[in-house]
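# Structural features, examined
Here are the chains, one letter per residue:
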Amino acid sequence: MAHGSSNPGDVGTNITHDYTSVGTGTYNGDLLAYNPTLSLNATDDTENFTMDILATPAAPAGLSAKTIGFTGEDTGTSPKLAHGFTDNTGGATLSAGSAVDRTTDTGGTIDSDIISSYAYNSAAGAVCALVNGSADGAITFTASDNSGLTSSMCITEDIDANTVSATGVGVSGSSKIYPNNFYRVFKAKVSKTASAVSVGLNSYQICHTVTGATPEIEFVKDDVTSTPSLDISASTVTQAGSGTLAYISGIPYYTTGATVTLGTVKAYDWIGQTYQDTSTPFSIEHASNDESTSGSIISTQTKTYASIDGSSTFLNGGNPVADTGKASGSKYTLGDITFSVNGSVNAVGTVKANLSNINGEGGYSTFTTKINLKGTSISGFDEEDITITTLGTGSGDAKRIVIASAAGDNPTYSSSTDYYASNAWTGTQTIAGTDEAVARWGQLKHFSTDLSSGYLPAGPDLNTGRSGAQYFRGAFKRSVVSSFDILLNGKISGFWIALPGETTDASSGLGGWLDCTATYGGAGMPGSNTGAGGNGSDGVASGNSNKVTTGSAVNSTFTMTLGTANLSNTYNNLLFFNIKLASGDYIDSLSFS
């Protein structure tokens, strides 16, 4: 403040006073005396005034009030620390099963997050990076900008505190509380060369010699960087439980209640320092169908860590052990894995499986074993029920029969045996080593597949000794029948009938059999054996147009005539039929009328 003189316009001496505390002060003085520029008519040159005396503003919060974080690189899916992880910290606060920040970085640097807000004081002391509890770079503050990197200590900003709040958050305008050049503040992070960070759990911290230190953070550097793989080269697929089986043409099929086990499945690139926090790391799914079938042979099923544990356990306290199946050179053999099959489809197919880890789901591995299922009735050809429509007198459809030791085009039969009643085919019939054709997925076919290996349920070996033609032998019962129609959709190589007990047993030149692919002789009893009453031909087709087609696909009706023969004269009104199928032949549907 200036003290006035007796001369207008004079400037007097400065009056100074130090105030030592926050509060208010009062001053009495001749502020206006003889100063016409202020008060020409002043009679009292003494005025009172009051001023506020403010305290020096407190410094912004120091480093001990700040935190750092770790966002990591390649963090993975819900990582948790594996049991027996490598502890580089010298005294970890995290333990096995703890959620943890994770990186797999091997190039560049592995950084902490920058401290959450500006910290005081970048004008005094020194700031230091602590890695696993040991100093790893320090910067001594000077009056100039100290931004930069020394070893692992990185100051990202060093600024005047004029633009921050007491908590170190940026402010502007009327929100400013600090004069210019009053305090200095900084931001910092730990930034260590990635290749120098050890695999395992590590810790970072920033400390300041004046204002303390941030809390310590912990993170893991993992060395499993791939999704996992399964090695099934030595795996087995075996029946655990058969449930209820169905049989068609001697081939077994699962229906309900069946279970299958995968054995000797090995995993690698699986667990390093961490494991995935999931209840279902292993998945079994439908892979593909075979033989033109459709429908999933299993529903997708998942397994827990505990349910895939091997004979040498990889678990400790429920937590996977570090480095289990870490690499292809240290594969881990999983325990037996059992799954249930889908009892509601008609199909044959394979299953596939995959494993997940912290890096995601691995690729699928497909098991080659094929699983046969019969869940519902199968449309198409039914060997035990071949339709007969409005034919003669009697009831019941045609069906497959068993003629003992039958083989070839014209097998020997008994004319006094009711094969329809006593030798009806059953699904469990043994056909290995025979020339019997197979009904499969609604189609009768020439079938030469070894089902004893590579299939579940294990079936017969239908490859050995079955390279030639195969046959379907059936029968039906009707009386008052001298002609009938064959309705055929498929491709065959031969079709014969026999009338047991009729004159044709002797008149036929084919051991009692008559040929549906050849024309009827025109009159009388069919049969090429004229000496036994035959008309000179073993054919029964009613003209050339009704000869059953062989060697090419057909969907037609063929009329057969028996001449003077009649099913009323056969044993128990029986008719036998024998169909030949060469490789590639098949029947989609067959009926008689």
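Residues numbered from 1 in each chain as written. Predicted model: local features only at pLDDT ≥ 70, side-chain atom pairs only at ≥ 80, totals over all residues. Heavy atoms only, no water.

## Some points on the nonpolar core
Our working rule: Put simply, buried Ala, Val, Leu, Ile, Met, Phe, Trp, Tyr and Cys residues joined by side-chain atoms within 4.5 Å make one nonpolar core. Only protein chains enter the accessibility calculation, which uses a 1.4 Å probe. A residue is then buried if its area is under 20% of the maximum for its type, exposed if over 50%, and partly exposed in between. Numbered from the N terminus, helices here are DSSP runs of H or I no shorter than four residues, and strands are runs of E no shorter than two. Whether two residues touch is decided by their heavy atoms; if any such pair falls within 4.5 Å, the residues are in contact.
One finds F484, I486, F495, I497, F577, L590 and F592 to be the most contacted residues of the largest nonpolar core, which totals 50 residues. Per element, the largest residue contribution to this core is four residues, and it comes from strand β42 (residues 574-581). When sequence neighbours within four positions are dropped, the list of residues in contact with F495 reads I486, L514, D515, C516, T517, V548, F577, N578, I579, L590 and F592. Among the nonpolar cores identified, the runner-up in size contains 35 residues, and V237, Y254, I298 and L456 belong to it.

## Quick word on the sheet that holds strand β19 (residues 259-263)
Our working rule: Strands were regarded as paired on the criterion that DSSP finds at least two bridges between them. Interaxial angles span 0 to 180 degrees and are taken between N-to-C directions of axes, which are lines fitted to C-alpha atoms, for helices over the stretch in contact.
Strand order in the open sheet formed by three strands is β16-β19-β27, with antiparallel pairing between adjacent strands. The sheet is open, and its two borders are formed by β16 (236-241) and β27 (337-340), each paired with just one other strand. Shown here is a sheet whose adjacent strand axes are inclined to one another by a mean of 30 degrees, direction ignored. Relative to β19, β16 runs antiparallel, the two sharing five bridges. Bridge assignment links T238 to a residue of β19, and that residue is T261.

## Focus on the packing of aromatic side chains
What characterises a pair of aromatic rings is the spacing of the ring centres plus the angle enclosed by the ring planes. Our working rule: Pairing of aromatic rings covers Phe, Tyr and the six-membered ring of Trp, with a centre-to-centre limit of 6.5 Å; geometry is then stacked below 30 degrees between planes, edge-to-face above 60, and tilted otherwise.
Following the criterion strictly, the structure yields 23 aromatic pairs and no others. Taken together, a centroid distance of 5.4 Å and an interplanar angle of 85 degrees make the contact between Y178 and Y183 edge-to-face. Exposure class is identical for Y178 and Y183. Each is buried. Ring centres 5.3 Å apart and planes at 80 degrees place the aromatic pair F381 and F472 in the edge-to-face group. Here F472 lies in strand β36 (residues 470-477) and F381 lies in the loop between β31 (370-374) and β32 (399-400), a separation of 91 residues in the sequence. For F381, a relative accessible area of 6% gives the class buried. Judged by relative accessible area, which is 0%, F472 ranks as buried. Ring-pair connections join several aromatic residues into one group, and the members of that group are F381, F472, F476, F484, F495, F577 and F592.

## Considerations on the sheet that holds strand β26 (residues 332-333)
Here three strands make up an open sheet; going across it, the order is β15-β20-β26 and the pairing antiparallel. The outermost strands of the open sheet, each flanked by one partner alone, are β15 (229-231) and β26. Alignment of strand β20 (residues 266-268) against β26, held across two bridges, turns out to be antiparallel. Bridge pairing links A267 to Y332 in β26.

## Section: unusual backbone geometry
The omega torsion across Y120 and N121 is 25 degrees, close enough to zero to call that bond cis. As for its placement among the helices and strands, N121 is situated in the loop between β6 (119-120) and β7 (126-131). A cis geometry characterises the amide bond from L456 onward to P457, with omega recorded as -10 degrees. Mapping P457 onto the fold places it in the loop between β35 (455-456) and β36. Of note, T390 is a non-glycine position whose phi angle comes to about 45 degrees, a positive value. Along the chain, the position of T390 falls in the loop between β31 and β32. Exposure remark for T390: the relative accessible area of 76% places this residue in the exposed category.

## Observations regarding the side chain of T350
Checked against the element boundaries, T350 lands in strand β28 (residues 346-357). Among the residues examined, T350 registers a relative accessible area of 8% and is labelled buried.

## Concerning the pairing of strand β37 (residues 483-491)
Taking every second residue as pointing to the same face, the buried face of β37 carries F484, I486, L488 and G490, while none of S483, D485, L487, N489 and K491 on the other face is buried. Pairing between β37 and strand β41 (residues 554-561): eight bridges, direction antiparallel. Considered in β41, the bridge of L488 is made with S556. As paired elements, β37 and strand β43 (residues 586-592) share six bridges and run antiparallel to each other.

## Details of the confidence of the model for the protein chain
Stated formally: How sure the predictor is of each residue is captured by pLDDT, a score from 0 to 100.
Across the protein chain, the average pLDDT comes to 92, with 91% of residues at 70 or higher. Note on residues 1-6: pLDDT under 50 across the span, and 15 contacts to partners over four residues away in sequence or across chains. Contacts from residues 27-42, a stretch scored under 50 in pLDDT, to residues over four places away or in other chains number 27 contacts.

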